[in-house]
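Descriptive structure summary
Now for the letters of each chain:
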Amino acid sequence: MRLENIIALTNAKLLNDPVVSVYEEIVFEASKVKRGDIFVAFDTFSIEEALKNGAYAIIFENSVFISDDEVAWLQVDSLYNALLRLLRFRLVEKELSVYECDEITLQLALSTDTASKVVPLRGNMQTLVKKLWDTPDGSILLFCEKYTQKDLFTDIKELPRIHKYIVDITEKTLFETSFIFNNIYYERVSLSPFFIPFLEHLLNFYVLQGIEFKLRKFEHLENFEIIFTNKNFHIQEFGTSELVLIFEKNISLIEIELDFLQKHAPWAKMIYLVPLHVKHPKECSAECFFYEKEDEIIEILQKSNFHFALIYGVGKEILEQTSNHKISKQLTFDL
């Protein structure tokens, strides 16, 4: 790649008059730089290693010391925007199939082992560039607009809704499911039946594409995140407590999650908590509480009687913050 093309792609300012104007590859890790490469410096500490490995050009954002005048020093106003332009240019050269899906389907895809040609996307621009730069031609990308800029891609398809097979649930609790899909039995998967319609959609897509898959443990789903606690709201092992908190950061899922719980656990005493600015969802039997600050959530829970509490707008981190806050107050008092 020629120097003038790099400058045009990244909107960079050339700070010196380098000896070389034609380069090999664009590299993002100093340890992988080879002679003649362009190094994108996410931090200034890695530049020296890149130079020792033979970098002929350095792309950076913040001011740096120009230690080698023969190398091209390219400063950009925004490394994020420069990476976005570089990645767009790179992806156009590849024959990729890009599919947009919702955030729950994407998280299920991240918890499923598939052929290497399937690449679910989640992460900041630095992570995406490293993941996609050398993605093989013909790969299938899954993305959600919540996590990945849509204008990164030129041709986007919607995940097809052709369901050749159904997920046949054979046994279920609120928090585990046994089911059959495509004649394969999956026993006591740690996945609430709430997720099954999304999983069915994803697995049928894999079947349609001829992609082999293997389900892993669904341990890090951020939607409908189920946490068992004791009366002091300390996190307990899965299934070892009758007190359950369900965290959901996506406010738009309030109604379908409330409907699911009322349908599958009509016996349960249920409450839900939402931020003060959120519009009250449709009428339901569960009691609704509004909070203005996150600190108020634990206070509301302590004063309420319930089996399940759905908490919208935050994650389980508030339990850890609360524990740390109590420990900090106790230490201060003891001193």
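To keep things clear, this report deals only with the structure shown in the data block. (Residues numbered from 1 in each chain as written. Predicted model: local features only at pLDDT ≥ 70, side-chain atom pairs only at ≥ 80, totals over all residues. Heavy atoms only, no water.)

Here's the deal with the layout of surface pockets
Note the following rule: In the cavity and pocket records, a cavity denotes points on a 1 Å grid over the protein atoms alone where a 1.4 Å probe fits but cannot get out, a pocket denotes an open set with protein on both sides within 12 Å along at least 5 of 7 lines, and lining residues are residues with an atom within 4 Å of a point. Grid points are joined across faces, edges and corners, and a volume is the space filled by probe spheres set on the points. The helix count covers DSSP runs of H or I at least four residues long, the strand count covers runs of E at least two residues long, and both are numbered beginning at the N terminus. As a working rule, the residues Ala, Val, Leu, Ile, Met, Phe, Trp, Tyr, Cys and Pro are called nonpolar, Asp, Glu, Lys and Arg charged, and the rest polar, with Gly in that last group.
Approximately 500 Å³ is the volume attributed to the largest pocket. Lining the largest pocket are 23 residues; nearest its centre among them are Ser-190, Phe-218, Glu-219, Ile-226 and Phe-238. If one sorts the elements of the lining of the largest pocket by residue count, strand E15 (residues 225–229) sits on top with four residues. Looking at side-chain class alone, the lining of the largest pocket contains 12 nonpolar, five polar and six charged residues.

Quick look at the packing of helix H4 (residues 103–110) against helix H6 (residues 196–209)
Quick reminder of the rule: Lines fitted to C-alpha atoms define the axes, with helix axes restricted to the stretch in contact, and inter-axis angles between N-to-C directions lie between 0 and 180 degrees. Here is the rule for angles: anything less than 35 degrees is roughly parallel, anything more than 145 is roughly antiparallel, 65 through 115 is roughly perpendicular, and the remaining ranges are oblique. Put simply, a crossing is left-handed when the front helix is turned counterclockwise from the back one by less than a right angle, and right-handed when it is turned clockwise. Only heavy atoms matter for contacts: two residues are in contact if any of them lie within 4.5 Å across the pair.
Where H4 contacts H6, the two axes come as close as 9 Å, and the packing angle between them is 60°. One way to sum up the angle between H4 and H6 is to call them oblique. Taken as a pair, H4 and H6 cross one another with a handedness that is right-handed. Between H4 and H6, the contacting residues are Ile-104, Thr-105, Leu-108 and Ala-109 on the first element and Phe-198, Leu-199, Leu-202 and Tyr-206 on the second. Class assignment of the residues belonging to the contact of H4 with H6 gives a composition of seven nonpolar, one polar and no charged.

Here's the deal with the pattern of salt bridges
The criterion, for reference: Salt bridge, as used here, is a side-chain nitrogen of Lys or Arg placed within 4 Å of a carboxyl oxygen of Asp or Glu. Accessible area is worked out with a 1.4 Å probe on protein chains only. A residue is then buried under 20% of its type maximum, exposed over 50%, and partly exposed in between.
Counted under the stated rule, the structure contains 12 salt bridges. For Lys-249, the salt bridge identified is with Glu-317, shortest N-O distance 3.9 Å. Of this pair, Lys-249 sits in the loop between strand E16 (243–248) and helix H7 (254–264) while Glu-317 sits in helix H9 (residues 317–334); the two residues are 68 residues apart in sequence, bridging distant segments of the chain. Between Lys-269 and Glu-287 there is a salt bridge, and its shortest N-O distance comes to 3.9 Å. With Lys-269 in the loop between H7 and strand E17 (270–275) and Glu-287 in strand E18 (residues 287–291), this residue pair connects regions lying 18 residues apart in the sequence. Here Lys-269 falls in the partly exposed class, since its relative accessible area comes to 34%. We classify Glu-287 as partly exposed; its relative accessible area is 40%.

Describing the sheet that holds strand E5 (residues 72–75)
Sheets are built from strands paired through backbone hydrogen bonds, the pairs being either parallel or antiparallel. Selection criterion: At least two DSSP bridges between two strands are needed for those strands to be called paired.
The strand order across the open sheet built from five strands is E1-E5-E4-E3-E2, with neighbouring strands paired in mixed fashion. Looking at which strands have only one partner, the edges of the open sheet turn out to be strand E1 (13–14) and strand E2 (26–27).

What about the environment of Val-207?
Here Val-207 shows up in helix H6. Taking relative accessible area as the criterion, Val-207 reaches 24% and is therefore assigned partly exposed. Taking the C-alpha atoms as reference points, Val-207 and Glu-242, 35 residues apart in sequence, are found 38 Å from one another. Not counting chain neighbours up to four residues away, the residues in contact with Val-207 comprise Lys-164, Tyr-165, Phe-181 and Asn-182.

Observations concerning the environment of Glu-248
Using the following cut-off: Any pair of N or O atoms that falls within 3.5 Å is considered a polar contact. Within protein, one atom must be able to donate a hydrogen and the other to accept it, and sequence-neighbouring residues count only if both atoms are side-chain atoms.
Here Glu-248 is to be found in strand E16. Given a relative accessible area of 1%, Glu-248 falls into the buried group. Between the C-alpha atoms of Glu-248 and Asn-223, which are 25 residues apart in sequence, the distance is 5.3 Å. Not counting residues up to four positions away in its chain, the partners in contact with Glu-248 are Asn-223, Phe-224, Leu-253, Glu-257, Ile-311, Tyr-312, Gly-313 and Val-314. In terms of polar contacts, Glu-248 uses its side chain to reach the backbone amide nitrogen of Phe-224, at 2.8 Å.

So, H7
Just so we agree on the cut-off: Our arc is simply the arc of the directions from the helix axis toward the C-beta atoms.
Looking only at H7, the buried set comprises Ile-254, Glu-257, Leu-258, Phe-260 and Leu-261. The buried side chains of H7 occupy one side of the element, clustering within an arc of 160° when seen end-on.

So, the pairing of strand E11 (residues 168–172)
One ladder, built from four bridges, connects E11 with strand E12 (residues 177–181); its direction is antiparallel. Opposite Asp-168, over in E12, you have Ile-180 as the bridge partner. In this antiparallel pair of consecutive strands, E11 and E12, the connection spans four residues.

Points about the sheet that holds E18
Strand order in the open sheet formed by five strands is E15-E16-E19-E17-E18, and the pairing between neighbours is mixed. On the outer flanks of this sheet lie E15 and E18, each paired with one strand and no other. Ignoring which end each strand starts from, the neighbouring axes of this sheet average 20° apart. Relative to strand E19 (residues 308–312), E17 is paired through four bridges, and the arrangement is parallel. In the sheet register, Ile-271 faces E19, and the bridge partner there is Ala-309. Running over the sheet, H7 touches E16, E17 and E19 and is turned about 175° from E19.

The quantities given are spatial measurements derived from coordinates; they are silent on function.
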